[in-house]
Amino acid sequence: MVALIQPANAETIAAAGRLLAEGQLVAFPTETVYGLGADAGCDRAVAAIFAAKGRPRFNPLIIHVAEATEAEALVAVDDRARHLMARFWPGPLTLVLARRSDAPVSLLASAGLDSLAVRLPDHPVARALIRAAGRPLAAPSANRSGRVSPTEAAHVAACLGGKPAMILDGGPCRVGVESTVLDLTGLHPTLLRPGGVSVEDLTNALGEEPHAPPSDVGVKAPGMLDSHYAPGLPVRLGARAAEPGEALLAFGPVSGAATLNLSPSGDLEEAAANLFAMLRGLDRPEFSAIAVAPIPRHGLGLAINDRLRRAASPRPEGQS
Ligand code: TXA
Ligand code: MG
């Protein structure tokens, strides 16, 4: 049996790249903390991240690239963003930008938002791994949800056990706190999370102080924001069958006709992987509403139910 923790070298990085391309999870060092990486374009692999972390809801993930130019395929890069990239990349600054409609990134990775968080880590192992995988990597910190972020390979193993197929050991992380998250989708840059790049340095580069997030409770999970994706159609939860005109989003084996099925076999990871794409797929004018079958409340089912509850809750005037 191959040891879970592998010293990072050309051979192990190549092997880890193959695991990622197959849709498996690999933990890897960055200059900030260890990340739990997956192919950002693969819904199933991204769902496995949420399952491994035990996340109660689908927070959007940071998409890691090996070169600044690779970010251009994912997000709309304006002059302000380009300036910050030139100044701070590679390094501990994550930029939230408008997601390109053709971005080859799982909707689950960005939690259905119209924006995407991108980052170019300043760690040779991280960059070599992204190149070896041949695709951008979605990677949250490699800890169980609610626990401290790991800054050594052994922390990852202690926290996540064998959930990653491999843990690449690149020694202790230099920065030790997560990247600064800066939202550039609005008129004013907004600091969503303080981190490895100081506010002073950001202010200097921007020529203005970044705004605080629009709330006095500190950084809200974007999954809690009103702007979070909800279908245009009303959503009816706990549906056993579709009413006339409704689309039925089923789960598990069904006797009647389902328009789409999150997982015919009742697999919650598969359901999570399909959730956002199927909600979008059913959001069509020929239906009056989307009826969603009951989803079990364990494992990823908690996050799926959380997300569905938001999609079904009444919307403020003018928001779709
Ligand atoms: O240093 C780091 O950033 C580490 C290493 C592994 O790169 N990653 C990390 O990921 O800390 P995570 O998932 O633990 O934190 C991601 C942060 C969260 O606060 C999340 O809400 C925010 O980024 N985020 C991601 N996508 C976003 C989006 N589209 N809009 C707003 N915030 C976003
Ligand atoms: Mg984290």
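Note that this is a predicted model, so its numbers are computed, not measured.

A few words now on the overall build of the chain. Looking only at helices and strands, the chain has nine helices and 14 strands in total. For 320 residues, the compact-globule formula gives about 20 Å, and the C-alpha radius of gyration of the chain, at 20 Å, lands near that figure. Viewed in the frame of its principal axes, the chain has a C-alpha envelope of about 60 × 55 × 35 Å. In the chain, buried positions account for 50% of the 320 residues. Sequence separation of at least 24 residues holds for 68% of the intrachain contacts in the chain that already meet a minimum separation of 6. If the 29 positive side-chain charges of the chain are averaged to one point and the 32 negative ones to another, these points end up 5 Å apart.

What follows is about the site of ligand 1. Around ligand 1 there are 23 residues in total, and T32, H64, R119, S179 and R193 lie nearest to it. Between an oxygen atom of ligand 1 and a side-chain N or O atom of R119, the distance comes to 2.9 Å. R193 places a side-chain nitrogen or oxygen 3.0 Å from an oxygen atom of ligand 1. Burial of ligand 1 by the surrounding chains reaches 92%, relative to a free accessible area of 680 Å².

Predicted coordinates in regions of low pLDDT should not be interpreted in detail. Averaged over every residue, the pLDDT of the chain is 89; residues scoring 70 or more account for 92%. Note on residues 216-228: pLDDT is under 50 here. Beyond four places in sequence and across chains, it has 20 contacts.

Looking now at the pairing of strand β5 (residues 93-98). In terms of residue burial, β5 counts as a mostly covered element, since five of its six residues are buried. Bridge count between β5 and strand β9 (residues 180-183): four bridges; the pairing is parallel. The residue of β9 that forms the bridge with L93 is T180. Across four bridges, the pairing between β5 and strand β6 (residues 115-119) is antiparallel. Within the sheet, the bridge partner assigned to L95 lies in β6 and is V118.

A separate point is the pairing of β6. In terms of burial, β6 is largely enclosed, as five of its five residues are buried. Side chains S115, A117 and R119 of β6 all project onto a buried face; the interleaved residues L116 and V118 project onto the opposite face, where all are buried too. Alignment of strand β4 (residues 62-64) against β6, held across three bridges, turns out to be parallel. Residue pairing in the sheet places I63 in a bridge with V118 of β6.

Looking now at the nonpolar core. Core analysis: the biggest nonpolar cluster contains 76 residues, and F58, I63, L84, W89, L93, L95 and I304 have the highest contact counts within it. For this core, the element with the highest residue contribution is helix α8 (residues 268-282), accounting for nine residues. Three or more residues apiece are contributed to this core by two domains, here domain 1 (5-206) and domain 2 (235-312). Setting aside residues no more than four positions away along its own chain, I304 makes contact with F58, L268, A271, A272, L275 and I295. With 16 residues, the next largest nonpolar core counts F28, A126, I130 and M166 among its residues.

Taken together, the four strands give an open sheet; going across it, the order is β11-β14-β12-β13, and neighbouring strands pair in parallel fashion. What marks the edges here is a single partner per strand, and that holds for β11 (235-236) and β13 (260-261). Pairing geometry for strand β12 (residues 247-250) and β13, over two bridges, is parallel. Among the inter-strand pairings, A250 is bridged to a residue of β13, identified as N261. On top of the sheet, α8 reaches β12, β13 and β14 (290-292); it is set at about 170 degrees to β12, its chief contact.

Attention shifts here to the sheet that holds strand β2 (residues 26-28). Read from one edge to the other, the open sheet built from 10 strands follows the order β1-β8-β2-β3-β7-β4-β6-β5-β9-β10, with strand pairing classed as mixed. Because the sheet does not close on itself, it has two edges, and the strands there are β1 (5-7) and β10 (190-193). Examined bridge by bridge, β9 and β10 share three bridges and lie antiparallel to one another. Among the inter-strand pairings, L182 is bridged to a residue of β10, identified as L191.

Scanning all chains against the criterion turns up one aromatic pair. For the ring pair F50 and F58, a centre distance of 5.0 Å and an interplane angle of 75 degrees mean the geometry is edge-to-face. With a relative accessible area of 0%, F50 lands in the buried category. We classify F58 as buried; its relative accessible area is 2%.

Turning our eyes to something else, we now look at the packing of α8 against helix α9 (residues 301-312). Put simply, α8 and α9 touch, their axes get as near as 9 Å, and they point 20 degrees apart. On the basis of their axis angle, the class for α8 and α9 is roughly parallel. Considering how the two elements wind past one another, α8 and α9 form a crossing that is left-handed. When α8 is examined against α9, the residues L268, A271, A272, L275, F276 and L279 are found in contact with a partner set consisting of G301, I304, R307 and L308. Here the contact of α8 with α9 is composed, by residue class, of eight nonpolar, one polar and one charged.

How each quantity is defined
- Residues numbered from 1 in each chain as written.
- Chains lettered and ligands numbered in written order.
- Predicted model: local features only at pLDDT ≥ 70, side-chain atom pairs only at ≥ 80, totals over all residues.
- Heavy atoms only, no water.
- Helix = DSSP H or I, 4+ residues; strand = E, 2+ residues; numbered from the N terminus.
- Rg over C-alpha atoms; globule rule 2.2 N^0.38 Å.
- Buried < 20%, exposed > 50% of the residue type's maximum accessible area, 1.4 Å probe, protein only.
- Contact = heavy atoms within 4.5 Å.
- Lys, Arg positive; Asp, Glu negative; His and termini not counted.
- Charge placed at Lys NZ, Arg CZ, Asp CG, Glu CD.
- Near = heavy atom within 4 Å.
- Polar contact = N/O pair within 3.5 Å; in protein donor to acceptor, adjacent residues only side chain to side chain.
- Areas by Shrake-Rupley, 256 points an atom, 1.4 Å probe, with all protein chains shown as cover.
- pLDDT = per-residue confidence, 0-100.
- Pairing = 2+ DSSP bridges.
- Core = buried A, V, L, I, M, F, W, Y, C linked by side-chain atoms within 4.5 Å.
- Domains from an automatic or database assignment.
- Axes fitted to C-alpha atoms, helices over the stretch in contact; angles between N-to-C directions.
- Phe/Tyr/Trp six-rings, centres within 6.5 Å; stacked < 30°, edge-to-face > 60°.
- Parallel < 35°, antiparallel > 145°, perpendicular 65-115°, else oblique.
- Left-handed = near helix turned anticlockwise from the far one by under 90°.
- Nonpolar A, V, L, I, M, F, W, Y, C, P; charged D, E, K, R; others polar.

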